[in-house]
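Below are the chains, spelled out letter by letter.
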Amino acid sequence: MRVPLDSMEESVMPWPQPEPDQTVRNAFLKGKDVGEGLEFSLMCDVDTLSREPSNRRLFYKVTTTHKIRQTRIGNSVISWIAKFYFPLTTEKLAEALEILLQDWRLPGPFHNSEDNKALLENKPIFGLLQSFILGYYYGALGKLIDTSQLLLREAYGSWGWWDLEVLQVMRSIWDKPPPQDQTQSDFKYCWRVNLLRAMAYLFAGAEISLINRLNDHAVGVVAKLSLVSGSILGQSVDKITAARFHLLDVDTSCIPNNANLILSGEQPYSQRRSASTNLESLDNMELAEAREDFTAHIEPDWQHDANSCLVAYRDEGRMVQRFSPLNIDIAMVASQADNPEVRFHKDGLSKVFRIPTSNFRGGIVMMHPQDSEGLHASQPTDGNEPLMAPTLARPRARACIAAMIIG
């Protein structure tokens, strides 16, 4: 299904009768308005970095800008639908569903997804519900997708009319959530791979058989369009950009993939070396180097699986390091965690160990002199002076170095 990105409601306008086009369109727009209230924050477990790379996982914390509904919503059918297909029951969602489904009565209780078949008994209302759900998730997930590189601003959905598969895919986002606290009514957690499945289905035209093969190492898909993580393009430079995906219409021969799945390769190990033992005054230090930012390029993981991919960072053409795209995103999340111990504050610091970014070439990770056995600083140090790499206005250099140190 073609989905014009600047007027996504047009995708449901050709809906077959008996639903009037305008009614279905309005249901889509109402759902989109409600869905746009969701906000997504990319997270990882505090012990993620201590795990083997094959066991590292990312997830989203989902919140809303809308007021949460505290009282009972509609009848049992409406209450079940709100709980089963939507992450958070807000006042706007409750009001919209109560109006949309006020005259809908279904025989028997609703307990699980098998009861979905009963929804088809009333095609006119089911058409409105499907359109509302599509609008909701196009509005919500569209906030996570960068479409700026598309010449033709058009996405592809793999859904059809009166399609129960839509409900199945959207419900799967919230299946088997991360083991964080799920008792709160004002936020929810979901795995990143689950959101990737839904985004690929709604925006890239990925069929159900493809998205069902996605796993935790997946960083994108190749379908009618390609949907890739920001790390693949060297765009993952902080926690916000790491959360986003990019929709591309490009020659897919340049993207290593395994049967249309884009998977993270195995990241090479970095060498460790002691930093210069000379302390420098922070007040007199230039926080930027008069050099171009690092470049980032995708390439196959030739050492392990050429159908998986790595991202190679270079400094003035010289190799710095190759990374698993997944590890780049994890490093961006971990380096900006809500933990004061991992934040840098200039206040109260007078001296630092300055590290030129060229020192990281060849996969060299600079270590603090106090962490290097047998090495001693040539000037008095209490071990609290941080390492400082001047990366002001060089976001890819900063992301690369952070990934080397954290990963």
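Our subject in this report is the structure included herewith. Keep in mind that what you see is a predicted model, and the values were worked out from it rather than measured. (Residues numbered from 1 in each chain as written. Predicted model: local features only at pLDDT ≥ 70, side-chain atom pairs only at ≥ 80, totals over all residues. Heavy atoms only, no water.)

A short note on the packing of aromatic side chains
For clarity, the cut-off: Two rings from Phe, Tyr or Trp (for Trp, the six-membered ring) form a pair when their centres are within 6.5 Å of each other. A pair whose planes differ by under 30 degrees is stacked, one over 60 is edge-to-face, and the rest are tilted. The secondary structure listing takes helices from DSSP runs of H or I that are at least 4 residues long and strands from runs of E that are at least 2 residues long, numbered from the N terminus. Think of it in three bands: with a 1.4 Å probe and only protein chains considered, a residue is buried below 20% of the maximum accessible area for its type, exposed above 50%, and partly exposed in between.
Inspection of every chain in the model, using the stated rule, returns 17 aromatic pairs. Aromatic pair tryptophan 15 and tryptophan 162: ring centres 6.0 Å apart, planes at 90 degrees, arrangement edge-to-face. With tryptophan 15 in the loop between strand 1 (2-4) and helix 1 (21-35) and tryptophan 162 in the loop between strand 5 (154-156) and helix 5 (164-172), this residue pair connects regions lying 147 residues apart in the sequence. The pair tryptophan 15 / tryptophan 162 is uniform in exposure class, with both members buried. Ring centres of phenylalanine 86 and tyrosine 136 lie 4.8 Å apart, and the angle between their planes is 80 degrees; this geometry places the pair in the edge-to-face category.

Quick word on the pairing of strand 3 (residues 58-64)
Using the following cut-off: Pairs of strands are assigned from DSSP output, requiring at least two bridges between the strands.
Among the seven residues of strand 3, five are classified as buried, and the element is accordingly described as predominantly covered. Of the pairings in the sheet, the one linking strand 2 (residues 38-44) to strand 3 comprises seven bridges and is antiparallel in character. What sits directly across from phenylalanine 40, in strand 3, is valine 62. As paired elements, strand 3 and strand 6 (residues 188-191) share four bridges and run antiparallel to each other. Bridge assignment links lysine 61 to a residue of strand 6, and that residue is tyrosine 189.

Looking at the pattern of salt bridges
Threshold: Any carboxyl oxygen of Asp or Glu within 4 Å of a side-chain nitrogen of Lys or Arg constitutes a salt bridge here.
Following the criterion strictly, the structure yields 16 salt bridges and no others. In this structure, the salt-bridge partner of lysine 224 is glutamate 207, at a minimum N-O distance of 3.9 Å. Remark: glutamate 207 occurs in the loop between helix 6 (192-203) and helix 7 (208-211) and lysine 224 occurs in the loop between strand 7 (218-222) and strand 8 (226-229); sequence separation between them is 17 residues. One network of salt bridges, in which partners are shared, links Asp315, Glu316, Arg361 and Arg394.

Considerations on the side chain of aspartate 163
What counts here: When checking whether two residues touch, look at their non-hydrogen atoms; a contact exists if any pair is within 4.5 Å.
Within the fold, aspartate 163 resides in the loop between strand 5 and helix 5. Ignoring any residue separated from it by four or fewer positions in sequence, one finds aspartate 163 in contact with Phe126, Gln130, Ser158 and Tyr201.

Digging into the nonpolar core
Quick note on the threshold: For the purposes of this section, nonpolar cores are sets of buried Ala, Val, Leu, Ile, Met, Phe, Trp, Tyr and Cys residues that join through side-chain atoms within 4.5 Å.
Tyr60, Leu97, Met170, Leu202, Phe203 and Leu227 are the most contacted members of the largest nonpolar core, which totals 115 residues. Counting residues per element, this core draws most heavily on helix 4 (residues 123-141), at twelve residues. Sequence-distant contacts of methionine 170, defined by excluding residues within four places in its chain, comprise Ile133, Tyr137, Ala198, Tyr201 and Leu202. Residues Val219, Val222, Ile255 and Cys309 belong to the second largest nonpolar core, which totals eight residues.

Interpretation note: all reported values are geometric properties and have no functional meaning in isolation.
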